[in-house]
Amino acid sequence: MALLEIEKLSLSIGRVPILKAVDLSIGAGETMGLVGESGSGKSMTALTLMQLLPAAAKATGRVTFDGIDILAAPEAAMCRLRGNDIGMVFQEPMTALNPVKTIGEQVAEGIRWHTGASRADAEASARRMLDRVGLPEAKFPLTRYPHQLSGGQRQRVVIAIACALKPKLLVADEPTTALDVVLQKQILDLLRGLVAEDRMGLLLISHDLAVVTDMAERITVLRHGEVMEEGETAPTLAAQVHPYTRQLAEASMHVPARPNRHAAHAAGDNLLEVDAVVRDYPGRRRSLFSPAEKFRAVDHVSFSMKPGQSVALVGRSGCGKSTLARMILALDRPTGGDIRFRGTSLTAKSEAELKPFRRNMQVVFQDPYGSFNPRHTVERLVAEPLHLLDRQPSPAERRERVAEALHEVGLRQPDMDKYPHEFSGGQRQRISIARAIITRPKLVVADEPVSALDVSIRAQVLDLFAELNQKLGVAYLFITHDLTVARAITDEVMVMHDGRIVETGRTDAVLDDPQSDAAKDLVAAAPDLKRAIRRRMVEQG
Amino acid sequence: MIAFLAKRLSVGLVTLIVASVVVFAVLEVLPGDPAQLMLGMNATDEAVATLREQMGLDQPLLVRYASWIGGLLTGDFGRSFTYSSPVLDLIAERAVVSLPLALIALAMSTAIAIPVGLFAAARRGKAADTVTMGAAQIGVAVPNFWFALILIYVFAVWLRLVPSGGFPGWEAGVWPGIKALLMPAVALALPQAAILSRVTRSALLEVLGEDYIRTARAKGMPRRHVLWRHALRNAMIPVLTILGLQFAFLLAGTIIIENVFYLPGLGRLVFQAITQRDLIVVEGVVMLLVASVILVNIVVDICYALVDPRLRSNA
Amino acid sequence: MSAEPITPAASEGSFLSAALSNRSFVAGLIITGLIAAMAIVSFVWTPYDITRLEVANRMQGLSWEHPFGTDHFGRDILTMIMIGSRNSIAVAIVAVGIGMGIGVPLGAWAAARGGLVDEALMRFNDLVFAFPALLSAVLITAIFGPGAINAIIAIGIFNIPVFARVARAGALAIWPREYILAARAAGKGKARITIEHILPNVASMLLVQGTIQFALGILAEAGLSYVGLGAQPPAPSWGRMLFDAQTRMMVAPHLALFPGFAIVVTVLGLNLLGDGLRDVLDPRLRRER
């Protein structure tokens, strides 16, 4: 009998249906991947089997775990199950730990609660568990608080809490989505190891097909609360019988068409020159009397870009790539070095003097929700950079230009009177792009522009970027930690590590044959669907 | 932690110094010559001049400020002319009424509010929550001096359980003293308890929505355990903030409440001193109250640091 | 799963429907509306003439002629409460106006500039908060003489740091948002960004704080009048009426009842309104419902 058996599970919150007749089963020691885009109901499935749903949720159907009927189980019985037989790992490590309790207390708490062990015994097993997840006592004593740990380390603590009592089933809900690729690989390797050693079943929830393929023996594809397809990972993804599965797989590997690559024959003057740029931040003071230590976010970075060129700046989170981007956009001033745009230095210019440069240099951000003032209409949002023109357009001209920009990004004219919350994430990113191109800039800096989007939407937005590059000849500086994005859309890539650029070159060349350690790490860690399917095929025949 | 304390203390000290300048300057612009007021309208000019000299009013501003501050630091608060006794004695005599009153009220308010807040948060959306929070909503709207009048009517006039006002002095014994302060303390405390219980409840509910609460629940901790062990400590930060503010409010609230109950406390002292233009007394009492508010805020900051380890490491 | 964050109501329609389905908001609106109506009506009509003293009719109990009774001069209590409401409301409105008018620009400025300006504002706040508000109000009215105007100033001064703090905290939360960076990339200066992006987005917090301070203002005014430092007789005020009632508590306890009720109901209405507004305007809370 399967460890977990979900039959005809339907769930609604208030009157909104979330899940419709979901079937799913996991055997002991088996890893099941649950894949779907945002809103597909993946997380709600996990919360249902933990019985941690919001109060307004109503579930029908059958969920049987280890012979126990979960939907009918009283709260006390669920408390005995949670943390003991089912452990759960969450998406956001930065907020998943109680900030006022030490990591030792938080790991030991569940152990004491479930086993009735003494404080000393519970602490001893907490210490062993933290050691197993890669937080050895010597460097990470039990008395550490969460704020003293990095995101990856915190996720290790969360995993230690979930696995402390060797549960029969581990539920991991997007456990690596908030981490960069290198950390993602480390955490996935850790999970794989723990699951194998303790013979745990694993329900791995992810939007990333490559991650799931890499980890799971079987896969369930969820869409709008319904199971689209279920089966062994390799055959399912190789055959792609279900159209939605095919759509997902294709979107994950999508490379936009860009027939004429400007970079190849772009000659003449540089559009942008970054010359030995340094940015220091004041660090924390060690004591009252010693001066604050400086933290060097960007360390003597130099590079140049030609007009129309598409360049990727890749690196792990915290490597200084966003700081560099802000300095290029003149939103932050370098501590040292020079940034020249079309031959003119920007670093010492006043806001008024920067106006003509800003017109030619725009930005697209990562978060399609946070990048708009929620109280402004799309017209007003998209028109904002028109402020940079020497001659302010009349209201009619303004509307015309906004309509044109919206048309270019695939939105319709009536959209300009709506508010941002009326659009989906992908549409918002289109609005963001419309805002960036309305002044016909020569350079657009895009800071992780597709990493918050679902794969199918991501493919469409990448296509849009490629198309605009072809049509308008705009140069891109793409900041990303996702190598598939870099590969899809850029000609050149720069790898950044600890504030320095450690490798540059043609995108294919660098990604296929990385030279520096930092680049090798990134390439090795990047999930690759084709590679993952090939490996699974070998394993599963 | 040391750096954190040092920073708080120095900020508090600077605030106190600036406050002393403000108090001094404000009272300087007070209309009416104290010497003239003290001697009455038909005093001779010479008599007024002599008194001014005695009081040091003929000295330049800066000198007077310096000598006042110097006095405060050495425990010499000056001498009241209307009471003909040292200000410090006057303050000490009155503080034994006001301070216990404020402290009893603060203790009452905390002792009522935090359990009520926990109770309501644990029963969120249920009838018990609605009823307690409805009562708290009304409690917040009740002016404490009106509540005091009602208490006097019910317990002193009607039931005749307690005296309607006055203070027998601690010489008469601890119990009669406390009995006289009980009703004023309740009048001060209940409206504050209503505010604090609402803050406690909403802080708890906010914390209960955090990710780490879900982590604790996923560990198998029952709701009640999570509320006490995980939520309460995190919710203490806004509660402490309000407690700090309430202390200042209660101190000032004693001014009015002491008037309602005819209690010989600091509030009544400052009130009378203002009407009699006995500046030195006003200055002394105000500085004392300001200093105690600053001190309480430092204590609150230290409590923050005890509750939240993040504050301990970045001063 | 990234749930779609619910953004603040963008159009009038959705705000109104959300507001009207919020019980606290509706109750608060009705109570506040009634009190405001009472104050307005008192300008054109009151049951009795406030200046007419009928000593023969003094300290009467409740009756059809005088629903709330009469005071020690024989004045009609209902009439006095109606006229007193004008005083309370006027003091609170102007005090909130002073607080907002000075505090909000200060807070927004400090958030935009940061550094020394910000530090100076925070220290100024510390300083004002170190003076118990009521004590200082007593001092101010004592210096400049008792009266409604000085009560307003005294209460208003203590509203300044409150609004400065709320505006600053709200603005600091919005400055790092990406749409502010986008606006800066569009060449907009700090002042313009503050007006176009920051203030509209902290307006709801300020509105909620405004209702709270309004309620506190009514309480503070009543307290000052009670100790004789607010509006001066013969102008009726709720706090003063309570003071007059206290000495006559043995004979006519009802004198203390109705002015107190008037204060409680007004403050309750404003607090309900504020709570309701907060729920309606705070998208995070609305999502929970």
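Residues numbered from 1 in each chain as written. Chains lettered and ligands numbered in written order. Predicted model: local features only at pLDDT ≥ 70, side-chain atom pairs only at ≥ 80, totals over all residues. Heavy atoms only, no water.

Visitor: Whenever I open this one, the overall build of chain C confuses me. Can you help?
Guide: Secondary structure summary: chain C contains 11 helices and 0 strands in total. When its helices and strands are written in sequence order, chain C yields α-α-α-α-α-α-α-α-α-α-α. If you line up chain C on its principal axes, its C-alpha atoms span 75 × 45 × 30 Å. Long-range contacts, defined here as pairs at least 24 residues apart, represent 70% of the contacts in chain C between residues at least 6 apart. Carbon and sulfur atoms make up 69% of the accessible area of chain C, which totals about 12,100 Å². Counting 21 positive and 18 negative side-chain charges, chain C places the averaged centre of each group 6 Å from the other. (Helix = DSSP H or I, 4+ residues; strand = E, 2+ residues; numbered from the N terminus. Contact = heavy atoms within 4.5 Å. Areas by Shrake-Rupley, 256 points an atom, 1.4 Å probe, with all protein chains shown as cover. Lys, Arg positive; Asp, Glu negative; His and termini not counted. Charge placed at Lys NZ, Arg CZ, Asp CG, Glu CD.)

Visitor: What is the right way to read the pairing of strand S3 (residues 31-35) of chain A from this model?
Guide: Residues and elements named next belong to chain A. The buried count for S3 comes to 5 of 5 residues, which makes it a mostly enclosed element. In S3, alternate side chains face the same way, and those of Thr31, Gly33 and Val35 on one face and Met32 and Leu34 on the other are all buried. Two strands pair when backbone bridges link them, and S3 and strand S8 (residues 201-206) are joined in this way by 5 bridges, in the parallel orientation. When the sheet's bridge partners are listed, Gly33 is paired in S8 with Leu204. In the sheet, S3 pairs with strand S9 (residues 218-223) via 4 bridges, with the strands oriented parallel. Residue Val35 lies in a different strand from S9, and its bridge partner there is Val221. (Buried < 20%, exposed > 50% of the residue type's maximum accessible area, 1.4 Å probe, protein only. Pairing = 2+ DSSP bridges.)

Visitor: Is there a simple way to think about the side chain of Lys42(A) in this case?
Guide: Residues and elements named next belong to chain A. Mapped onto the fold, Lys42 is located in helix H1 (residues 42-50). Looking at Lys42, its side chain comes within polar contact range of the main-chain oxygen of Glu37, at 3.4 Å. In contact with Lys42, not counting residues within four places along its chain, are Leu34, Val35, Gly36, Glu37, Glu174, Ile205, Ser206, His207 and Leu222. (Polar contact = N/O pair within 3.5 Å; in protein donor to acceptor, adjacent residues only side chain to side chain.)

Visitor: How should I be thinking about the sheet that holds strand S11 (residues 272-282) of chain A in this particular structure?
Guide: All names here are of chain A. With antiparallel pairing, 4 strands are arranged side by side in an open sheet as S12-S11-S14-S15. Each edge of the sheet is formed by a strand with only one pairing partner; in this case those strands are strand S12 (294-305) and strand S15 (344-345). Across 2 bridges, the pairing between strand S14 (residues 336-341) and S15 is antiparallel. Bridge pairing in S15 places Phe341 opposite Thr344. Helix H11 (residues 321-328) rests against S11, S12 and S14 of the sheet, and its axis sits at about 120° to S11. (Axes fitted to C-alpha atoms, helices over the stretch in contact; angles between N-to-C directions.)

Visitor: How do you make sense of the pattern of salt bridges when you look at a structure like this?
Guide: Where side chains of opposite charge bring their charged atoms close, a pairing between them can arise. All names here are of chain A. Scanning the model with the defined rule gives 50 salt bridges over all chains in all. Across the salt bridge formed by Arg316 and Asp180, the nearest N and O atoms sit 3.3 Å from each other. Of the two residues, Arg316 sits in the loop between strand S13 (310-315) and H11 while Asp180 sits in the loop between strand S7 (169-173) and helix H6 (181-198), which places them 136 residues apart along the sequence. One salt bridge connects Glu379 with Arg398, and the closest N-O pair in it is separated by 3.8 Å. On the criterion of sequence distance, the pair formed by Glu379 in helix H13 (residues 378-383) and Arg398 in helix H14 (residues 395-408) is long-range, its members being 19 residues apart. (Salt bridge = Lys/Arg side-chain N within 4 Å of Asp/Glu carboxyl O.)

Visitor: Help me understand the interface of chain C and chain A in this model?
Guide: Many structure descriptions define interface size as the accessible area lost when the parts assemble. Counting from both sides, the interface comprises 24 residues of chain C and, opposite them, 32 residues of chain A. Summing both sides of the interface, chain C and chain A together bury roughly 2,700 Å²; the carbon and sulfur share of this comes to 55%. For the pair chain C and chain A, the interface holds 1 salt bridge. We note a salt bridge from Lys188(C) to Glu384(A), for which the minimum N-O separation is 3.2 Å. At 7 residues, helix H7 (residues 178-185) of chain C tops the list of elements feeding residues into the side of chain C that touches chain A. Considered class by class, the residues forming the side of chain C that touches chain A number 11 nonpolar, 6 polar and 7 charged. (Buried area = accessible area lost by both parts, 1.4 Å probe. Nonpolar A, V, L, I, M, F, W, Y, C, P; charged D, E, K, R; others polar.)

Visitor: Teacher, can you tell me more about the interface of chain C and chain B here?
Guide: Every contact between the two is made by 37 residues of chain C and, on the other side, 44 residues of chain B. Together, the buried faces of chain C and chain B total about 3,600 Å²; carbon and sulfur atoms form 79% of this surface. Of all residues in chain C, Leu135(C), Ile143(C) and Met249(C) give up the largest surface area on contact with chain B, accounting jointly for 16% of the area buried on that side. The tally of links from chain C across to chain B stands at 1 salt bridge. Asp275(C) is the partner of Arg198(B) in a salt bridge, and the nearest nitrogen-oxygen pair spans 2.6 Å. Across the chain C-chain B interface, the total number found is 4 residue pairs in polar contact (both at pLDDT 80 or more). Taken together, the elements giving at least two residues each to the side of chain C that touches chain B come down to helix H4 (115-130), helix H5 (133-144), helix H8 (190-226), helix H9 (238-246), helix H10 (254-281) and helix H11 (283-288) of chain C. When residues of the side of chain C that touches chain B are assigned to their parent elements, the largest contribution, 11 residues, is made by H10(C). Of the residues contributing to the side of chain C that touches chain B, the split by class is 28 nonpolar, 4 polar and 5 charged.

Visitor: Help me understand the environment of Ser20(B), please; the structure alone is not making it clear to me.
Guide: All names here are of chain B. Take Ser20: it is sitting in helix H1 (residues 2-28). The exposure class assigned to Ser20 is buried, which follows from its relative accessible area of 2%. Remark: the alpha-carbon pair of Ser20 and Ala305, spanning 285 residues in sequence, is separated by 28 Å. Excluding anything up to four places from it in sequence, Ser20 contacts Tyr65, Trp68, Ile69 and Met287.

Visitor: Any chance you could explain helix H5 (residues 87-122) of chain B here in plain terms?
Guide: Side chains of residues three or four places apart in an α-helix project in the same direction, reflecting 3.6 residues per turn. Helix length check: H5(B) (36 residues) gives 50 Å between terminal C-alpha atoms against 52 Å at 1.5 Å per residue, within 8%. Ala95(B) marks the point of greatest bend in H5(B), at about 40°. (Expected span 1.5 Å × (residues − 1). Bend = angle between axes of the 7 residues up to and from the residue.)

Visitor: Help me out: how do you make sense of empty space enclosed by the protein in this one?
Guide: The rolling of a water-molecule-sized probe over the atoms marks out the regions of remaining empty space. All names here are of chain C. Per the stated rule, a full pass over the model turns up 8 cavities of 30 Å³ or more. In this structure, the largest cavity encloses a volume near 60 Å³. Every residue along the wall of the largest cavity is listed here: Asp71, His72, Ile77, Met80, Met241, Asp244, Leu255 and Pro259. Among the residues forming the lining of the largest cavity, the class breakdown is 5 nonpolar, 1 polar and 2 charged. (1 Å grid on protein atoms, 1.4 Å probe; cavity = no way out; pocket = protein on both sides within 12 Å on 5 of 7 lines; lining within 4 Å. Points joined across faces, edges and corners; volume = space filled by probe spheres on them.)

Visitor: Would you take a moment to explain the domain arrangement of chain A for this structure?
Guide: By the assigned domains, chain A splits into domain 1 (4-252) and domain 2 (371-440). On a C-alpha basis, the centres of domain 1 of chain A and domain 2 of chain A stand 41 Å from each other. (Domains from an automatic or database assignment.)

Visitor: I would appreciate a short explanation of the sheet that holds strand S17 (residues 443-447) of chain A in the present structure.
Guide: Strands in a sheet are paired, the pairing made by backbone hydrogen bonds, and the direction either parallel or antiparallel. Residues and elements named next belong to chain A. Taking strand neighbours across the sheet as the criterion, the 6 strands line up as S16-S17-S18-S13-S19-S20 in an open arrangement whose pairing is mixed. Here the strands that pair on one side only, and so sit at the sheet edges, are strand S16 (361-364) and strand S20 (500-506). For this sheet, the mean angle separating the axes of adjacent strands, direction not counted, is 20°. This element, helix H15 (residues 425-437), spans S16 and S17 of the sheet and lies at about 170° to S16.

Visitor: Where do I start with the packing of H4(C) against helix H6 (residues 148-174) of chain C in this structure?
Guide: All names here are of chain C. Contact geometry of H4 with H6 gives a least axis separation of 10 Å together with a crossing angle of 140°. On the basis of their axis angle, the class for H4 and H6 is oblique. Read as a crossing pair, H4 and H6 show a hand that is left-handed. Every residue of H6 that contacts H4 at Asp118, Leu121, Met122, Phe124, Asn125, Val128 and Phe129 is listed here: Phe158, Ile160, Pro161, Val162, Ala164, Arg165 and Arg168. (Parallel < 35°, antiparallel > 145°, perpendicular 65-115°, else oblique. Left-handed = near helix turned anticlockwise from the far one by under 90°.)

Visitor: I would appreciate a short explanation of the nonpolar core in the present structure.
Guide: Side chains of nonpolar character tend, in soluble globular proteins, to be buried together. Counting 161 residues, the largest nonpolar core has Val260(B) and Phe261(B) as the members making the most contacts within it. With 20 residues, helix H10 (residues 223-261) of chain B is the single largest residue contributor to this core. Both domain 1 (16-87) and domain 2 (94-314) of chain B contribute no fewer than three residues apiece to this core. Apart from the residues within four sequence positions on either side, Val260(B) is in contact with Phe145(B), Ala148(B), Leu149(B), Ile152(B), Tyr226(C) and Gln246(C). Core analysis: the next-biggest nonpolar cluster, separate from the first, contains 55 residues, Val107(A), Leu142(A), Ala160(A) and Ile219(A) among them. (Core = buried A, V, L, I, M, F, W, Y, C linked by side-chain atoms within 4.5 Å.)

Visitor: Even after reading the chapter, I still don't get the packing of aromatic side chains, so can you show me in this structure?
Guide: Given two aromatic rings, one states the distance between the centres and the angle between the planes to describe the pair. Tallying each qualifying case throughout the model produces 11 aromatic pairs over all chains. Between Tyr476(A) and Phe478(A), the aromatic rings sit 5.5 Å apart at their centres with planes inclined by 80°, giving edge-to-face as the arrangement. The residues Tyr476(A) and Phe478(A) share a single accessibility class, namely buried. Put simply, the rings of Phe465(A), Tyr476(A) and Phe478(A) touch in pairs and so form one group of aromatic residues. Geometry around Tyr281(A) places Arg279(A) over its ring, the cationic atom sitting 4.3 Å from the centre. Over the face of the ring belonging to Phe43(C) we find Arg86(C), whose NZ or CZ atom lies 4.2 Å from the ring centre. (Phe/Tyr/Trp six-rings, centres within 6.5 Å; stacked < 30°, edge-to-face > 60°. Lys NZ or Arg CZ within 6 Å of the ring centre and 35° of its normal.)

Visitor: How should the confidence of the model for chain C be read in this particular structure?
Guide: When pLDDT drops low, the exact placement of atoms in the prediction is not to be read closely. All names here are of chain C. For chain C, per-residue confidence averages 83 on the pLDDT scale, and residues scoring 70 or more make up 92% of the total. Helix H3 (residues 77-113) holds the highest mean pLDDT among the elements of chain C, 92, whereas H11 holds the lowest, 43. In this model, residues 1-12 is a region of pLDDT below 50 whose contacts with residues beyond four sequence positions or in other chains number 27 contacts. Note that residues 284-289 has pLDDT below 50 and, in this model, 11 contacts with residues that lie over four places away or in other chains. This prediction of the complex comes with two scores: 0.86 for pTM and 0.86 for ipTM. (pLDDT = per-residue confidence, 0-100.)

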